[in-house]
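Listed below are the residues making up each chain.
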Amino acid sequence: MNAPTTRRLTVAQALVEFLAHQYTERDGRRHRLINACWGIFGHGNVAGLGQALLESGAASRRGETPGAPVLPYLQGRNEQAMVHAAVGYARQCDRLSAHAVTTSIGPGATNLVTGAALATVNRLPVLLLPGDTFATRPADPVLQQLEVPQAGDVSVNDALRPVSRYFDRVTRPEALIPAALQAMRVLADPVDTGAVTLALPQDVQAEAYDWPEEFFADRVWRVTRPLPDADALADAVRAIRGARRPLLIAGGGVHHSEAEDALCAFADATGIPVASTQAGKGSLRYDHPADIGGIGHTGTATADALAREADLVIGVGTRYTDFTTASATLFAAPGVRFVNLNIAPFDSHKLGAASLVADARAGLEALTKELSGHRVDAAYEAGYGAAKADWERRVDAAFGAADDSVRPSQTQVLGALDALVDDTDIILNAAGSLPGDLHKLWRARSRRQYHLEYGYSCMGYEIPGAIGVRMAAPDRPVWALVGDGTYLMNPTEIVTAVQEGVPINLVLIQNHGYASIGGLSQATGGERFGTDYRFRAADGTYTGAPLPVDLAANAASLGMHVLRAGTVGELRAALAEARGANRPTCVYVETETADTVPGAPEAQAWWDVPVAETATRPAAVAAREAYDRHAAGRRRHL
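Report on the accompanying structure. Throughout this document, residue positions are counted from 1 along each chain, in the order its sequence is written. Side-chain atom pairs in this predicted model are given and counted only at pLDDT of 80 or more, local residue features only at pLDDT of at least 70, and totals for whole chains, interfaces and linings cover all residues. Side-chain metrics in this entry use all non-hydrogen atoms of the structure; hydrogen atoms and water are not considered.

### Here we look at the sheet that holds strand 17 (residues 354-357)
Okay, so step 1: Pairs of strands are assigned from DSSP output, requiring at least two bridges between the strands. A run of H or I in DSSP becomes a helix once it reaches four residues, and a run of E becomes a strand once it reaches two; helices and strands are each numbered from the N terminus. Spatially, the six strands line up as an open sheet ordered 14-13-12-15-16-17, and their pairing is parallel. Looking at the sheet topology across the chains shown, the edges are occupied by strand 14 (291-294) and strand 17. When strand polarity is set aside, the average angle formed by the axes of neighbouring strands in this sheet is 20°.
Okay, so step 2: Pairing of strand 16 (residues 337-342) with strand 17, which is carried by four bridges, proceeds in the parallel orientation. Here an angle of 0 to 180 degrees is reported between the N-to-C directions of two axes, which are lines fitted to C-alpha atoms, with helices fitted over the stretch in contact.

Structure representation (structure tokens):
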């Protein structure tokens, strides 16, 4: 009997080879699970994973292993940003392909924490491979080692435990085998996916071992479409048939499951209106008769009015965050009930719902079949149709500008972009005042056109996220919409876009401060304290002249082609030029501070941000009185 064959490789070399042979498969289509590895090297990974990635790529270029899969390397500038790029890639790939990220020990590893939290909150896969301190402890402490007097086995990488869906520290070569397999299982599981961390001590990375060849065989992780339980499905159908004012809320799970066509068929058959969360926007085209736009604190007047009166809410692939529920005040009808279709039991049971645990597409198809012949009352359908038409007229008015020679408002910037794009464009944003405007106003034309990272709403996501999205969708124009506050947080990956030739478009909006938090501060009695980018005045406050910061010049210095737009007309021309460009391009525009967003969000749907219970300043006293009025409307759906 022949002995099992082995291959002698270092731990890092074995991991790179293993990752190159991992695949997902859904609906008969196969995808590389880990398509590339981002990395910044230091003493914790340069001689381990760095050497392995070099050797893998060099062997491929020399043709020593014809046809063998390799793991491409991507150079980043900031560890957090590399995770953001990986997350943008994974989301655009419907979670079926992902990227890895390797860092050195110390600050390189801890810089991963924010990105990891973003990935896990949004249920998006990314593989993190931080270097770690010596497993054998030949010298203790080593450079950048955290010493914990009461625990010798703790390192800074343990900060990644609470923000990872799976964490392991590989302290022996042979331990890589079960750790790597568990990592792939979690990354490919739509219920459990998120950030996965394999901490790799720097000495273990370079240690050689005789690996069984089976470890490097092609391995397929099948992503299935679980069907709903028959009894649960019958309960859901009964509830829908019995509802007079049902409302469906589409969350990010609709996109992840590629369930848009199934949702369209459901809406066509039943006439049930469809509102969307930030992650779910675009599940229906904006011009579909049943699409009523965003819901919740940043939702449309149409969607929020229907939500207040709904007697049944059907959640599909949504986590029901406080922005969606208006901090538990939006669903106000007496006796309102919930049916939740979600692949994750944790989410399907929220709000005391009748739980339908299933893949979004499979579940919607089953519901449509069982509801054959059922349709909402014609008067209900006509009512929300008229409200939708009225809202679209208000959006037209907000987007328009009477004079092309004036400086645009932020809403008019969106209007100019709306008039330019088609179904292929992708709009990306994460933080500031733009998410609220986009959720209310953007007219999503296709699946995955609307890319808002609002689970973690992380400033600095937009530029690296756009790089990842464009890598996943190389034939689609990608627009990163960025305010000045977000830009100053993390502009460094512009260099990466230039280096890799990734032609993202950056719309850089200068409004001299944190516009979103400034508005929130004013609403909660904070009087916009510390939210403007201005010189200090004589009284010590930041109320002097705007800072003389030239962000356009900064973007140009990092290698971007920059177009400055001072008026609405110049903006339209610059956006058109950027869309046709084949290199990273920035459109810089300074906006009017007064905006034209229709409807006051606080009048439509509340967001619970506690206000000082005792205060002497009149603004805070008035804000507390308003807070108490709104808080009285909170309810628990049990």
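### A closer look at the pairing of strand 4 (residues 34-39)
Okay, so step 1: Exposure is judged per residue with a 1.4 Å probe applied to protein chains only, and the accessible area is read against the type maximum: over 50% gives exposed, under 20% gives buried, and values in between give partly exposed. Summarising burial for strand 4: five of the six residues are buried, a large majority.
Okay, so step 2: In this structure, strand 4 lies alongside strand 6 (residues 98-103), joined through four bridges in parallel fashion. Along strand 6, the bridge assignment pairs C37 with A100.
Okay, so step 3: Pairing analysis gives three bridges linking strand 4 to strand 5 (residues 73-75), with the strands arranged parallel. Each bridged residue has a counterpart across the sheet, and for C37 the counterpart in strand 5 is Y73.

### Some thoughts on the packing of helix 18 (residues 462-472) against helix 20 (residues 493-500)
Okay, so step 1: Where helix 18 meets helix 20, the axes come as close as 8 Å, and the angle between the chain directions of the two elements is 25°. Here helix 20 runs roughly parallel to helix 18, going by the angle between their axes. Note on element contacts: helix 20 touches helix 18 through E493, I494, T496 and A497, opposite I463, P464 and I467.
Okay, so step 2: Classifying every residue of the contact of helix 18 with helix 20 by side-chain character gives five nonpolar, one polar and one charged. In what follows, roughly perpendicular refers to angles from 65 to 115 degrees, roughly parallel to angles under 35, roughly antiparallel to angles over 145, and oblique to any angle outside these ranges. Throughout, a contact is declared for two residues whenever any of their heavy atoms are within 4.5 Å. We call Asp, Glu, Lys and Arg charged. Ala, Val, Leu, Ile, Met, Phe, Trp, Tyr, Cys and Pro are nonpolar, and the rest, Gly among them, are polar.

### Structural notes on the packing of aromatic side chains
Note on aromatic pairs: each is described by the distance of the centres and the angle between the planes.
Okay, so step 1: A pair of aromatic rings is counted whenever rings of Phe, Tyr or Trp (Trp by its six-membered ring) have centres within 6.5 Å, and the orientation is called stacked for planes under 30 degrees apart, edge-to-face for over 60 and tilted otherwise. Within the structure shown, the criterion is met by eleven aromatic pairs.
Okay, so step 2: Considering the side-chain rings of Y209 and W211, the 4.8 Å spacing of their centres and the 70° angle between planes classify their relative orientation as edge-to-face.
Okay, so step 3: On the accessibility criterion, Y209 (27% relative accessible area) is partly exposed.
Okay, so step 4: When its relative accessible area of 0% is taken as the criterion, W211 is described as buried.
Okay, so step 5: Ring centres of Y320 and F338 lie 6.2 Å apart, and the angle between their planes is 90°; this geometry places the pair in the edge-to-face category. Of this pair, Y320 sits in the loop between strand 15 (312-316) and helix 12 (322-325) while F338 is found in strand 16, placing the two residues 18 residues apart along the sequence. This pair shows no difference in class: Y320 is buried, exactly as F338 is.
Okay, so step 6: By way of ring pairs, the aromatic residues F18, Y209, W211, F215 and F216 are connected into one cluster.
Okay, so step 7: By definition here, charges over rings are those cases where NZ of Lys or CZ of Arg is within 6 Å of the ring centre and within 35 degrees of the ring normal. Sitting above the plane of the Y588 ring, R564 keeps its charged end 5.7 Å from the centroid.

### As for the state of the cysteines
Okay, so step 1: In this description, a disulfide is simply a cysteine sulfur pair whose atoms lie within 2.5 Å. Evaluation of the coordinates by the stated rule reveals zero disulfides.
Okay, so step 2: With no disulfide partner, C93 has as its closest neighbouring cysteine sulfur the one in C37, 16 Å distant.
Okay, so step 3: When its relative accessible area of 17% is taken as the criterion, C93 is described as buried.

### Quick notes on the nonpolar core
Okay, so step 1: What makes a nonpolar core is a set of buried Ala, Val, Leu, Ile, Met, Phe, Trp, Tyr and Cys residues whose side-chain atoms join them at distances within 4.5 Å. Ranked by size, the top nonpolar core spans 52 residues in total, and within it L248, I295, F331, L364 and L367 carry the most contacts.
Okay, so step 2: For this core, the element with the most residues is helix 8 (residues 230-241), which contributes five residues.
Okay, so step 3: Residues contacting F331, with those up to four places away along its chain left out, are I249, I295, A307, V313, T324, T325, V336, F338, R635 and H637.
Okay, so step 4: Counting 48 residues, the second-largest nonpolar core is a separate cluster that includes A199, A480, V482 and L551.

### Some thoughts on the sheet that holds strand 4
Okay, so step 1: If you walk across this open sheet you meet the six strands as 5-4-6-7-9-8, and the pairing is parallel. For this open sheet the edge positions go to strand 5 and strand 8 (166-169), each flanked by a neighbour on one side alone. Neighbour-to-neighbour, the strand axes of the sheet open up by a mean angle of 20°, direction not taken into account.
Okay, so step 2: Looking at chain direction, strand 7 (residues 126-132) and strand 9 (residues 195-201) are connected through five bridges and run parallel.

### Some details on helix 17 (residues 434-441)
Okay, so step 1: Of all eight residues in helix 17, eight are buried, a share of seventy percent or more.
Okay, so step 2: When we look at burial in helix 17, the residues that qualify are L434, P435, G436, D437, L438, H439, K440 and L441.

### Side note on the side chain of R445
Okay, so step 1: Inspection of the secondary structure puts R445 in the loop between helix 17 and strand 19 (450-452).
Okay, so step 2: Taking the relative accessible area as the measure of exposure, R445 reaches 10% and is therefore buried.
Okay, so step 3: Polar contacts involving the side chain of R445 include one to the main-chain carbonyl oxygen of R443, which spans 2.7 Å.
Okay, so step 4: Ignoring sequence-local partners within four residues, the contact set of R445 consists of R285, Y286, D418, V421, D422 and D423. Between N or O atoms, a polar contact is any pair within 3.5 Å; within protein, one atom must be a potential hydrogen donor and the other a potential acceptor, and residues adjacent in sequence are included only when both atoms are from side chains.

### What to know about empty space enclosed by the protein
Okay, so step 1: Site definitions follow a grid-based scheme: protein atoms alone, a 1 Å grid, a 1.4 Å probe that fits but cannot get out for cavities, and for pockets an open set with protein on both sides within 12 Å along at least five of seven lines, plus lining residues having an atom within 4 Å of a point. Grid points are joined across faces, edges and corners, and a volume is the space filled by probe spheres set on the points. Applying the stated criterion across every chain, the model contains three cavities of 30 Å³ or more.
Okay, so step 2: Reported here for the largest cavity is a volume of approximately 160 Å³.
Okay, so step 3: Only strand 14, helix 15 (378-399) and helix 17 provide two or more residues apiece to the lining of the largest cavity.
Okay, so step 4: Considering each element in turn, the lining of the largest cavity owes the most residues, four residues, to helix 15.
Okay, so step 5: Approximately 70 Å³ is the volume attributed to the second largest cavity.
Okay, so step 6: Residues of the lining of the second largest cavity, tallied by class, amount to five nonpolar, two polar and four charged.

All quantities given are derived from atomic positions and should not be read as evidence of function.
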